[in-house]
Amino acid sequence: MTTAKGRIILSSLSNCKSINADEYWLITRGGRDIASFNRVFELAPLPALFHTYLTQWKGQPGEVWWPRYRERFNAQLATAQAQKCLHDLEILTNNGYSVVLACYCRNERFCHRRLVGDYLAGRGVEVVSFNGMDPVREKEASSSHDFEQLSLFSEEWEKAAE
């Protein structure tokens, strides 16, 4: 029996209620804990990086600060603690699980969850982004498990309609 590969779904926290997944990981250091979410500090920006963002970069165009942020966060992803979490995500997806990685950022273009997704995609993991507005993306972001399509009509009616 072959297990279908799972996927990583990147989403802002505000869009998560629309996503069907096996696990939900909150990759932030701040904010309150949320029922049904695993808090994963190892994939959240270190306090020093987040402080630099808040005090030096917030409000500036992303093109100004993003290259430095990306470099510092990618270095963080190379630590043993982050590597263990990234490896755990690979194992989950290889076993058919879909996992949401969520944070508070609305714009994924300048967000650490995108960098986590880019890292995992580079390792061969399927990664999709979910913005909560596009039904095509919603279908892509749903759980990777296959379900039989149910019909409202009898088989005889469907054959007659062909």
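For the structure, see preceding data.
Residues numbered from 1 in each chain as written. Predicted model: local features only at pLDDT ≥ 70, side-chain atom pairs only at ≥ 80, totals over all residues. Heavy atoms only, no water.

A. Structural view of helix 4 (residues 112-122). Along helix 4, the positions that sit buried rather than exposed are His-112, Arg-113, Leu-115, Val-116, Gly-117 and Leu-120. The inward-facing, buried residues of helix 4 abut strand 1 (7-12), helix 2 (62-77), helix 3 (80-94), strand 4 (98-103) and strand 5 (127-130). Two residues or fewer after helix 4 comes Gly-124, characterised by a positive phi angle close to 95°. (Buried < 20%, exposed > 50% of the residue type's maximum accessible area, 1.4 Å probe, protein only. Helix = DSSP H or I, 4+ residues; strand = E, 2+ residues; numbered from the N terminus. Contact = heavy atoms within 4.5 Å.)

B. Structural context of the packing of aromatic side chains. All chains considered together, the criterion is met by 11 aromatic pairs. Their ring planes at 55° and their centres at 5.5 Å tell us that Tyr-24 and Phe-37 sit as a pair that is tilted. One end of the pair, Tyr-24, is in strand 2 (residues 23-26); the other, Phe-37, is in the loop between strand 2 and strand 3 (38-39), and 13 residues separate them in sequence. Overall, Tyr-24 belongs to the buried group, its relative accessible area being 16%. Judged by relative accessible area, which is 17%, Phe-37 ranks as buried. Pairwise contacts between aromatic rings join Phe-50, Tyr-53, Trp-57, Trp-65, Trp-66, Tyr-69, Phe-73 and Phe-110 into one cluster. (Phe/Tyr/Trp six-rings, centres within 6.5 Å; stacked < 30°, edge-to-face > 60°.)

C. Structural context of the sheet that holds strand 5. Overall, parallel pairing links the 5 strands, which are arranged 3-2-4-1-5 in an open sheet. Across the chains shown, the open sheet's two edge strands, defined by having one partner strand only, are strand 3 and strand 5. By the bridge criterion, 4 bridges tie strand 2 to strand 4 in an arrangement that is parallel. Looking at strand 4, one finds that Tyr-24 is bridged to Val-100. Of the strands in this sheet, strand 1, strand 2 and strand 4 touch helix 3, which is tilted by about 165° from strand 2. (Pairing = 2+ DSSP bridges. Axes fitted to C-alpha atoms, helices over the stretch in contact; angles between N-to-C directions.)

D. Looking closely at the pairing of strand 5. Every second residue of strand 5 is oriented toward a common face, the buried set being Val-128 and Phe-130 and the non-buried set Val-127 and Ser-129. In this structure, strand 1 lies alongside strand 5, joined through 4 bridges in parallel fashion. Residue pairing in the sheet places Ser-11 in a bridge with Phe-130 of strand 5.

E. Seen up close, the nonpolar core. If you look at the biggest cluster of nonpolar residues, it comprises 27 residues, and the most contacted ones within it are Trp-25, Leu-43 and Leu-101. When residues no more than four places from it in sequence are discounted, the contact partners of Leu-101 are Ile-8, Ile-9, Leu-10, Ser-11, Trp-25, Ile-27, Leu-89, Arg-113, Val-116 and Leu-120. With 12 residues, the next largest nonpolar core counts Ile-9, Leu-13, Phe-37 and Phe-130 among its residues. (Core = buried A, V, L, I, M, F, W, Y, C linked by side-chain atoms within 4.5 Å.)

F. Spatial organisation of the pattern of salt bridges. Counted according to the given criterion, the structure contains 7 salt bridges. Note that Asp-118 is salt-bridged to Arg-114, the shortest N-O span being 3.6 Å. A residue pair is termed a helical-turn pair when its members lie 3 or 4 positions apart in one helix, as Asp-118 and Arg-114 do in helix 4 at 4 residues. Judged by relative accessible area, Asp-118 falls into the partly exposed class, the value being 43%. (Salt bridge = Lys/Arg side-chain N within 4 Å of Asp/Glu carboxyl O.)

G. Seen up close, the packing of helix 2 against helix 4. Where helix 2 meets helix 4, the axes come as close as 10 Å, and the angle between the chain directions of the two elements is 55°. Taken together, the axes of helix 2 and helix 4 are oblique relative to one another. Judged by the sense of rotation from one axis to the other, the crossing of helix 2 with helix 4 is right-handed. Across from Trp-66, Tyr-69, Arg-70, Phe-73, Asn-74 and Leu-77 in helix 2, the residues of helix 4 making contact are His-112, Arg-114, Leu-115, Val-116 and Tyr-119. Per-class residue counts for the contact of helix 2 with helix 4 are 7 nonpolar, 2 polar and 2 charged. (Parallel < 35°, antiparallel > 145°, perpendicular 65-115°, else oblique. Left-handed = near helix turned anticlockwise from the far one by under 90°. Nonpolar A, V, L, I, M, F, W, Y, C, P; charged D, E, K, R; others polar.)

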